[in-house]
Amino acid sequence: IAYWLNNPVLYKVCKVLPALIGALDYSVWPLFDEFGCQKILSDVCVCTAKDARVKGLGTELVKQGEALGREKGCKYSVNLVTGLYSGKIFRDKCNHTVRSELFYAQFVDEDGNLYLNDTREHLSCFMCYKNISD
């Protein structure tokens, strides 16, 4: 744990991620009752290397994840999407429905300071879902 606390990047992730999850009200557990199902695929991260971007790899990863979830009996896929490009994959290309969204300009700590100071073109994050059953 000392490594985490002494590493400024990891420390910030440990501070920001729980706040982000809380602000989005991201929790899979109540969705089992709401969706009336026993299995949910929970996607947390889709990443590709810089030289592999804009080639459809991220979209294919999401589609293959959904196929595997469906094969394992999942009825829904629930996702935490933090970037513009992942957002395009989930919302636009794979037809996920946005459940909650948080604009980074409004994502502040208890003192009113921005959690994230430089998000570049990434303006928001969101929780989304999709019925992946046949």
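Just above, that's the structure.
All of the points below concern the structure found in this document. (Residues numbered from 1 in each chain as written. Predicted model: local features only at pLDDT ≥ 70, side-chain atom pairs only at ≥ 80, totals over all residues. Heavy atoms only, no water.)

**A word on the overall build of the protein chain**
Item 1. When helices and strands are tallied, the protein chain shows 5 helices and 4 strands.
Item 2. Along the chain direction, N to C, the helices and strands of the protein chain fall in the order α-α-α-β-α-β-α-β-β.
Item 3. Across its three principal directions, the C-alpha atoms of the protein chain cover 45 × 40 × 30 Å.
Item 4. Out of the 134 residues belonging to the protein chain, those deemed buried represent 35%.
Item 5. The long-range fraction of contacts in the protein chain, counting pairs at least 24 apart against all pairs at least 6 apart in sequence, stands at 73%.
Item 6. Counting only carbon and sulfur atoms, one obtains 55% of the accessible surface of the protein chain, whose full area is about 8800 Å². (Helix = DSSP H or I, 4+ residues; strand = E, 2+ residues; numbered from the N terminus. Buried < 20%, exposed > 50% of the residue type's maximum accessible area, 1.4 Å probe, protein only. Contact = heavy atoms within 4.5 Å. Areas by Shrake-Rupley, 256 points an atom, 1.4 Å probe, with all protein chains shown as cover.)

**What to know about a nonpolar patch on the surface**
Item 1. A cluster of nonpolar side chains, contributed by Val-9, Val-13 and Leu-17, occupies part of the molecular surface with about 250 Å² of accessible area.
Item 2. Mapped onto the fold, Leu-17 is located in helix α2 (residues 8-24).
Item 3. Given the relative accessible area of 38%, Leu-17 is considered partly exposed. (Patch = residues over 30% accessible without salt bridge, like charges linked within 9 Å, V, L, I, M, F, W, Y side chains within 5 Å. Salt bridge = Lys/Arg side-chain N within 4 Å of Asp/Glu carboxyl O.)

**Description of the packing of aromatic side chains**
Item 1. Tallied over the entire structure, the rule returns 5 aromatic pairs.
Item 2. Seen from their ring centres, Trp-29 and Phe-32 are 5.9 Å apart, and the 25° between their planes marks the pair as stacked. Here Trp-29 pairs with Phe-32, and both are found in helix α3 (residues 29-35), just 3 residues apart, close to one helical turn.
Item 3. What links up through ring pairs into an aromatic cluster is the set Phe-35, Tyr-76 and Tyr-129. (Phe/Tyr/Trp six-rings, centres within 6.5 Å; stacked < 30°, edge-to-face > 60°.)

**Some remarks on the sheet that holds strand β2 (residues 76-81)**
Item 1. The mixed open sheet is built from 4 strands, whose spatial order is β1-β2-β4-β3. Either end of the sheet is taken by a strand with one partner, and the two such strands are β1 (40-43) and β3 (97-103). Within this sheet the neighbouring strands show an average axis-to-axis angle of 10°, counted without direction.
Item 2. Sheet topology places β1 next to β2; 4 bridges connect them, and they run parallel. When the sheet's bridge partners are listed, Ser-42 is paired in β2 with Val-78.
Item 3. Sheet contacts for α2: β2, β3 and β4 (124-131); angle to β3, the most-contacted strand, approximately 125°.
Item 4. Against the sheet, helix α5 (residues 84-93) contacts β1, β2, β3 and β4, and its axis sits at roughly 160° relative to β2. (Pairing = 2+ DSSP bridges. Axes fitted to C-alpha atoms, helices over the stretch in contact; angles between N-to-C directions.)

**Quick look at the nonpolar core**
Item 1. Leu-20, Leu-24, Tyr-26, Phe-35, Ile-40, Val-78 and Phe-107 are the most contacted members of the largest nonpolar core, which totals 20 residues.
Item 2. Contributing elements (two or more residues each) for this core: α2, α3, β2 and β4.
Item 3. Residue contributions to this core peak at 4 residues, all from α2.
Item 4. Discounting chain neighbours no more than four positions away, the residues touching Leu-20 are Thr-82, Leu-102, Tyr-104, Phe-107 and Cys-125.
Item 5. Residues Ile-89, Cys-94, Phe-126 and Cys-128 belong to the second largest nonpolar core, which totals 7 residues. (Core = buried A, V, L, I, M, F, W, Y, C linked by side-chain atoms within 4.5 Å.)

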